[in-house]
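Close look at the chain arrangement
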Amino acid sequence: MFKRLMQKIDRLFGRGVIDDALYEELEEELLAADTSIQHTGEILEELRRAVRSEKITDPSAMKERLKHAIAARFTQQEAVGLRVGPASPTVYLFVGVNGVGKTTTIAKLAQRLGRSGKKVLLAAGDTFRAAAIEQLEIWAGRTNADFVRAQPGADSAAVIFDAIQAARARGADYVLADTAGRQHSKENLMAELQKVARVVEKGLGRPADEVLLVLDANTGQNAIRQAEEFIKAAGVTGLVLTKLDGTARGGALIGVYERFRVPVKLIGVGERADDLRDFDPADFAANLFG
Ligand SMILES: Nc1nc2c(ncn2[C@@H]2O[C@H](COP(=O)(O)OP(=O)(O)OP(=O)(O)O)[C@@H](O)[C@H]2O)c(=O)[nH]1
Ligand SMILES: [Mg+2]
């Protein structure tokens, strides 16, 4: 998507003109990449200003300036990185609609933490589907993590509560808790997540150290609606953007971040356990442009 945009810029610059037609094309491409109308306008305004004041005339400089304008949208207030709890276990809840990559992200993080010598326990809090429990169990095996599960249909909050107790008993450093992405209704799902958040706080003596909302980079502007609902139900503390390895249009993340100011923490760049990166604004912008 953005690669094509950059090729267009290169071509237009080949003719030696920065004109309104070029900005119009940029606008079209940014919108097509799921950047909101408002943010597209702001990014292009900044670009126009920079092109004027910095007397930019060559394509590579303008390209860099555009990347910079996008990266600058992610000036996070908080240090990037996942919070570690004041006492073990550190508990992370993973939330998000079905199919976005919650379970896979848990596996990736389990691998990363395990390799750094941490003892990790995975909690099969997605009790809605039997397959979800099995999928997490397989990842627990592959990443050498402990695993706590219950029967399909069991109470999700109870499973995660048990997992926290088990982690204490076994001296685990981290509990990574999966949750359902789907329920019989959206109201049920949100009620379940509220209960999970409450029960974690009861079991842990503090809220979960991170509630990570997983968003699929292909989702587009609907990501904002998802963020709104999950933030309301579960008190999201960080964002994870997955599937940035494909033809992903990560532009919607700009809108989610600016609207809610929840820091972006992690990026998923593939289906394998080591396809996880810390979020870095400059990297993100570079990735958008291929
Ligand atoms: N290419 C790519 N695929 C990913 C990435 N993260 C997850 N996937 C794939 O996306 C699909 C869904 O991932 P899951 O981890 O099962 O998603 P989920 O959010 O747990 O889904 P539910 O359990 O149905 O709610 C799987 O096929 C994953 O392999 C990523 O960063 N890149
Ligand atoms: Mg899952």
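Residues numbered from 1 in each chain as written. Chains lettered and ligands numbered in written order. Predicted model: local features only at pLDDT ≥ 70, side-chain atom pairs only at ≥ 80, totals over all residues. Heavy atoms only, no water.

**Describing the packing of helix α7 (residues 156-170) against helix α8 (residues 186-204)**
The line we're drawing: In this analysis, axes come from line fits to C-alpha atoms, helices being fitted only over the stretch in contact, and the angle between any two N-to-C directions falls in the range 0 to 180 degrees. Counting from the N terminus, the helices are the DSSP runs of H or I reaching at least four residues and the strands are the DSSP runs of E reaching at least two. Here is the rule for angles: anything less than 35 degrees is roughly parallel, anything more than 145 is roughly antiparallel, 65 through 115 is roughly perpendicular, and the remaining ranges are oblique. It is the rotation of the near helix from the far one that decides the hand of a crossing: anticlockwise by less than a right angle makes it left-handed, clockwise makes it right-handed. Contacts are assigned to residue pairs with any non-hydrogen atoms lying within 4.5 Å of each other. In this classification, Asp, Glu, Lys and Arg are treated as charged, Ala, Val, Leu, Ile, Met, Phe, Trp, Tyr, Cys and Pro as nonpolar, and every other residue, Gly included, as polar.
Viewed as axis vectors pointing N to C, α7 and α8 meet at an angle of 25 degrees, and their least axial separation amounts to 8 Å. Classed by the angle they form, the pair α7 and α8 counts as roughly parallel. Between α7 and α8 the crossing geometry is right-handed. Residue-level inspection shows Ser-156, Ala-157, Ile-160, Phe-161, Ile-164, Gln-165 and Arg-168 of α7 in contact with α8, the latter providing Glu-192, Lys-195, Val-196, Val-199, Val-200, Lys-202, Gly-203 and Leu-204. For the contact of α7 with α8, the residue count by class is eight nonpolar, three polar and four charged.

**Examining the nonpolar core**
The cut-off we apply is this: Residues enter a nonpolar core if they are buried and are Ala, Val, Leu, Ile, Met, Phe, Trp, Tyr or Cys, with the set joined through side-chain atoms within 4.5 Å. Classification of residues uses two cut-offs on accessible area relative to the type maximum, computed with a 1.4 Å probe and protein chains only: under 20% is buried, over 50% is exposed, and between them is partly exposed. An automatic or database domain assignment supplies the start and end points of every domain.
Judged by nonpolar contacts, the single largest core of 65 residues is most densely connected at Val-200 and Leu-239. Of the residues forming this core, the biggest block, seven residues, is contributed by α8. Counting only domains with at least three residues in this core, you end up with domain 1 (2-74) and domain 2 (90-279). Sequence-distant contacts of Leu-239, that is, excluding residues within four places in its chain, are made with Leu-213, Leu-215, Leu-253, Val-256, Val-262, Pro-263, Val-264, Lys-265 and Leu-266. By size, the runner-up hydrophobic cluster in this structure holds 22 residues, among which are Ile-106, Leu-122, Leu-136 and Ala-145.

**Section: the domain arrangement of the protein**
The condition that has to hold: The term buried area means the drop in 1.4 Å probe accessible area that two parts suffer when joined, counted for both and summed. Any Lys or Arg side-chain nitrogen found within 4 Å of a carboxyl oxygen on Asp or Glu counts as a salt bridge.
Split by domain assignment, the protein resolves into domain 1 (2-74) and domain 2 (90-279). Computed over C-alpha atoms, the centres of domain 1 and domain 2 are 35 Å apart. Between domain 1 and domain 2, the contact holds eleven residues from the first and 13 residues from the second. For the pair domain 1 and domain 2, the summed buried area comes to about 1,000 Å², and 59% of that belongs to carbon and sulfur atoms. In this assembly, domain 1 and domain 2 are joined by zero salt bridges.

**A word on the site of ligand 1**
What counts is decided by this rule: In this text, near means that some heavy atom of the residue lies within 4 Å of the molecule or strand in question. Under this definition, polar contacts are N or O atom pairs within 3.5 Å; protein pairs additionally need one hydrogen-donor-capable and one acceptor-capable atom, and for neighbouring residues in sequence, both atoms have to be side-chain atoms. Areas reported as accessible are Shrake-Rupley estimates using a 1.4 Å probe. Residue values count occlusion only from the protein chains shown.
Around ligand 1, the surrounding shell holds 19 residues, and the nearest of these are Lys-102, Thr-103, Thr-104, Asp-245 and Glu-271. Within the contact set of ligand 1, an oxygen atom lies 2.8 Å away from a backbone nitrogen or oxygen of Gly-99. Interatomic distance of 3.3 Å between a side-chain N/O atom of Lys-108 and an oxygen atom of ligand 1. The fraction of the free accessible surface of ligand 1 (650 Å²) that becomes covered by protein chains is 81%.

**Describing the pairing of strand β5 (residues 210-216)**
The cut-off we apply is this: When DSSP finds at least two bridges between two strands, those strands are taken to pair. Place the viewer so that the strands point away; then a crossover is right-handed whenever the path from the first strand over the helix to the second strand goes clockwise.
Most of β5 is tucked away: seven of the seven residues are buried. Covered by surrounding structure in β5 are Glu-210, Leu-212, Val-214 and Asp-216 together with Val-211, Leu-213 and Leu-215, the residues of both alternating faces. Two strands pair when backbone bridges link them, and strand β1 (residues 90-95) and β5 are joined in this way by four bridges, in the parallel orientation. What sits directly across from Tyr-92, in β5, is Glu-210. Once the chain exits β5 it traverses helix α9 (residues 222-234) before rejoining the sheet at strand β6 (residues 238-242), and the crossover so formed is right-handed.

**Here we look at unusual backbone geometry**
Note that the residue after Ser-88, namely Pro-89, is joined by a cis bond; omega there is 0 degrees. Inspection of the secondary structure puts Pro-89 in the loop between α4 (59-71) and β1. Look at Lys-55: it is not a glycine, yet its phi comes out positive at around 45 degrees. Tracing the sequence through the fold places Lys-55 in the loop between α3 (37-53) and α4. A positive phi angle, close to 60 degrees, is found at Asn-144, a residue other than glycine. Relative to the elements of secondary structure, Asn-144 occurs in the loop between α6 (130-142) and β3 (146-148).

**Describing the sheet that holds β6**
Pairing is mixed across the open sheet formed by eight strands, whose spatial order is β3-β2-β4-β1-β5-β6-β7-β8. One side of each edge strand has no neighbouring strand; the edge strands of this open sheet are β3 and β8 (276-278). Strand-to-strand twist in this sheet, taken as the mean axis angle between neighbours without regard to direction, amounts to 25 degrees. In the sheet, strand β7 (residues 264-268) pairs with β8 via three bridges, with the strands oriented antiparallel. For Gly-268, the partnering residue across the bridge sits in β8 and is Leu-276. Lying on the sheet, α7 is in contact with β1, β2 (120-123), β3 and β4 (174-177); it crosses β3 at an angle near 145 degrees.

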